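A look at the structure
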Amino acid sequence: MNPLMLDHIVKRYAGHTAVDHLSLEVEEGEIYGLLGANGAGKTTTMRMVLGLIHPDEGSIRYHGQPYRTELQAMMGYLPEERGLYPKVKISDQMLYLAQLRGMKAADARQSLDYWLQRFDAMEYREKRIEELSKGNQQKMGFVAAVIHRPKILILDEAFSGLDPVNVEMLKQVVLELRKEGTAILFSTHRMEHVEELCRHITVLRRSKPVLQGDLNEIKNSYPREKVVLRTATEVQGLDTIEGVTEVVRQDSGRYMIRIEQEQAAQQILQLAMSQGAVDQFEVKEPTLNEIFIKVVGSSHE
Ligand SMILES: Nc1ncnc2c1ncn2[C@@H]1O[C@H](COP(=O)(O)OP(=O)(O)OP(=O)(O)O)[C@@H](O)[C@H]1O
């Protein structure tokens, strides 16, 4: 049984359906991408998984079992809005949270030291959250989410507000947790992070799942509409090839060519080779960013 299974869950607020028949499963040791425009229903879904609010329809199963309070001990949550107390000493609230989720005091202390060292953040141990920068507060939120080694980890915009070095550090930790078997539900607006980390995704559009499945299969199911070509000299006649819709030559001598039929790519290559040496030729698969914009389109609220 998978650690997390959502079966046609629905959440309604007065006059508005925030999540509309969403089903998905997160396996052990997988990072599952939950994507969607602002207001599409991602946070509402995560809050239902955590048992903070309850679905009006459908069910959520944890290793096949329904929600019960003891599950809190095996779940970790990094909310989009930072959830730590600004005025309480960091070590005090981390140890309190860890023990609340079933850890013994000595284990909690050991785990806190491990994570603070891991994040190069030992100096914050005796500080208060309000004394930290936004990015460092985010790192402490992450420590609070994982200190008790949850089996199910919910990350809502985990990397927002972090500098590139810290993004990399957190990414490595997320990958390690995946390796250890943690089931991770991961929401972000940064598509390149999803491409790097997630195998399966769901895209929500106005509360409904509109794209779902294996990320590679999804990408393969979209036509390749971009050709990159680099030649030493200018190529004549590219825009006369059938199926070519746009030709842009950049200052570097590289062409970005938009096509509407994949066959046009071979003709581009033949034409370029007939006129001189070709240094680079690539038919690009769509990025997740491009797919997201196509699927979600004008539904941004
Ligand atoms: N407590 C609530 N009462 C009424 N409506 C709510 C409540 N919580 C969320 N909503 C509504 O439900 C919808 C989904 O919100 P949600 O926060 O889940 O979106 P999201 O996908 O996480 O967005 P974002 O990317 O901006 O964080 C929104 O229209 C929001 O206004």
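Keep in mind that what you see is a predicted model, and the values were worked out from it rather than measured.

Points about the overall build of the protein chain
The number of helices and strands found in the protein chain is 9 helices and 13 strands. By residue count, 32% of the 301 residues in the protein chain fall in the buried class. Long-range pairs, those at least 24 residues apart, make up 69% of the contacts in the protein chain with a sequence separation of at least 6.

Some thoughts on the nonpolar core
In terms of nonpolar packing, the biggest core is built from 57 residues, with Tyr32, Met94, Ile147, Ile154, Ile184, Leu185 and Phe186 touching the most fellow members. Look past the residues within four positions of methionine 94 in its chain and what remains in contact with it is Leu112, Val143, Ala144 and Ile147. Formed by 11 residues, the second largest nonpolar core is a distinct cluster that contains Leu238, Ile259, Ala264 and Ile268.

A short note on the environment of valine 26
Assignment of secondary structure puts valine 26 in strand β2 (residues 16–26). Since 24 C-beta atoms lie within 10 Å of it, valine 26 is described here as buried. Each C-alpha atom of the pair valine 26 and asparagine 2 lies 6.4 Å from the other, and the pair is 24 residues apart in sequence. If sequence neighbours within four positions are ignored, valine 26 has contacts with Asn2, Pro3, Leu4, Tyr32, Ala183 and Leu185.

Points about the domain arrangement of the protein chain
Interfaces are frequently sized by the accessible area removed from exposure as the parts join. Partitioning the protein chain into structural domains gives domain 1 (4–219) and domain 2 (223–284). On a C-alpha basis, the centres of domain 1 and domain 2 stand 43 Å from each other.

Let's talk about the sheet that holds strand β10 (residues 226–231)
Here 4 strands make up an open sheet; going across it, the order is β11-β12-β10-β13 and the pairing antiparallel. Of all the strands in the sheet, the pair left with one neighbour each is β11 (244–249) and β13 (278–284). Averaged over all pairs of adjacent strands, the angle between strand axes in this sheet comes to 15 degrees, irrespective of strand direction. With 6 bridges connecting them, β10 and β13 associate as antiparallel partners. Bridge assignment links leucine 229 to a residue of β13, and that residue is phenylalanine 281.

Looking at the site of the ligand
By nearness alone, every residue bordering the ligand is listed as Tyr13, His16, Ala18, Gly36, Asn38, Gly39, Ala40, Gly41, Lys42, Thr43, Thr44 and Glu80. Those elements that provide at least two residues to the shell around the ligand are β2 and α1 (42–49). When residues of the shell around the ligand are assigned to their parent elements, the largest contribution, 3 residues, is made by α1.

Here we look at the confidence of the model for the protein chain
The predicted model of the protein chain averages 93 in pLDDT, with 98% of residues at 70 or higher. Across the predicted assembly, pTM comes out at 0.88 and ipTM at 0.95.

Considering unusual backbone geometry
A positive phi angle is found at histidine 8, which is not glycine, with a value near 50 degrees. Here histidine 8 lies in strand β1 (residues 4–13). Residues other than glycine seldom take positive phi values, yet glutamate 157 does so here, at roughly 50 degrees. Inspection of the secondary structure puts glutamate 157 in the loop between β6 (152–156) and α5 (164–179). Take glutamate 157: there are 18 C-beta atoms within 10 Å of it, and that puts it in the partly exposed class.

As for helix α9 (residues 288–296)
Among the residues of α9, those classed as buried are Leu288, Ile291 and Phe292. The buried residues of α9 all sit within an arc of 100 degrees when viewed along its axis, so they share a single face. Of the surrounding secondary structure, the elements contacted by the buried residues of α9 are β3 (30–36), α6 (191–197), β8 (200–205) and α7 (215–220). Phi turns positive, to about 45 degrees, at glycine 297, one or two residues after α9.

With respect to helix α8 (residues 263–274)
Here α8 contains 12 residues, and its C-alpha end-to-end distance of 17 Å stays within 8% of the 16 Å for a straight helix at 1.5 Å per residue. Packed against the buried residues of α8 are β10, β11, β12 (254–259) and β13. Positive phi appears at glycine 276, one or two residues downstream of α8, with a value of about 150 degrees.

Observations regarding the pairing of β1
Two elements, β1 and β2, share 7 bridges in a ladder whose sense is antiparallel. Paired with lysine 11 across the bridge in β2 is valine 19. Hairpin connection, β1 to β2: the antiparallel pair is bridged by 2 residues, and glycine 15 has positive phi, about 70 degrees. Across 4 bridges, β1 lies against strand β4 (residues 57–61) in antiparallel orientation. By the bridge assignment, valine 10 is partnered in β4 with glutamate 57.

Some thoughts on the environment of valine 283
Within the secondary structure layout, valine 283 lies in strand β13. For valine 283 and lysine 87, which are 196 residues apart along the polypeptide, the C-alpha to C-alpha distance reads 54 Å.

Reading guide: rules and limits
- Residues numbered from 1 in each chain as written.
- Predicted model: local features only at pLDDT ≥ 70, side-chain atom pairs only at ≥ 80, totals over all residues.
- Helix = DSSP H or I, 4+ residues; strand = E, 2+ residues; numbered from the N terminus.
- Buried ≥ 20, exposed ≤ 12 C-beta atoms within 10 Å, placed from the backbone.
- Contact = placed C-beta atoms within 7 Å.
- Core = buried A, V, L, I, M, F, W, Y, C linked by C-beta atoms within 7 Å.
- Domains from an automatic or database assignment.
- Pairing = 2+ DSSP bridges.
- Axes fitted to C-alpha atoms, helices over the stretch in contact; angles between N-to-C directions.
- Near = placed C-beta within 6 Å.
- pLDDT = per-residue confidence, 0-100.
- Arc of directions from axis to C-beta.
- Expected span 1.5 Å × (residues − 1).

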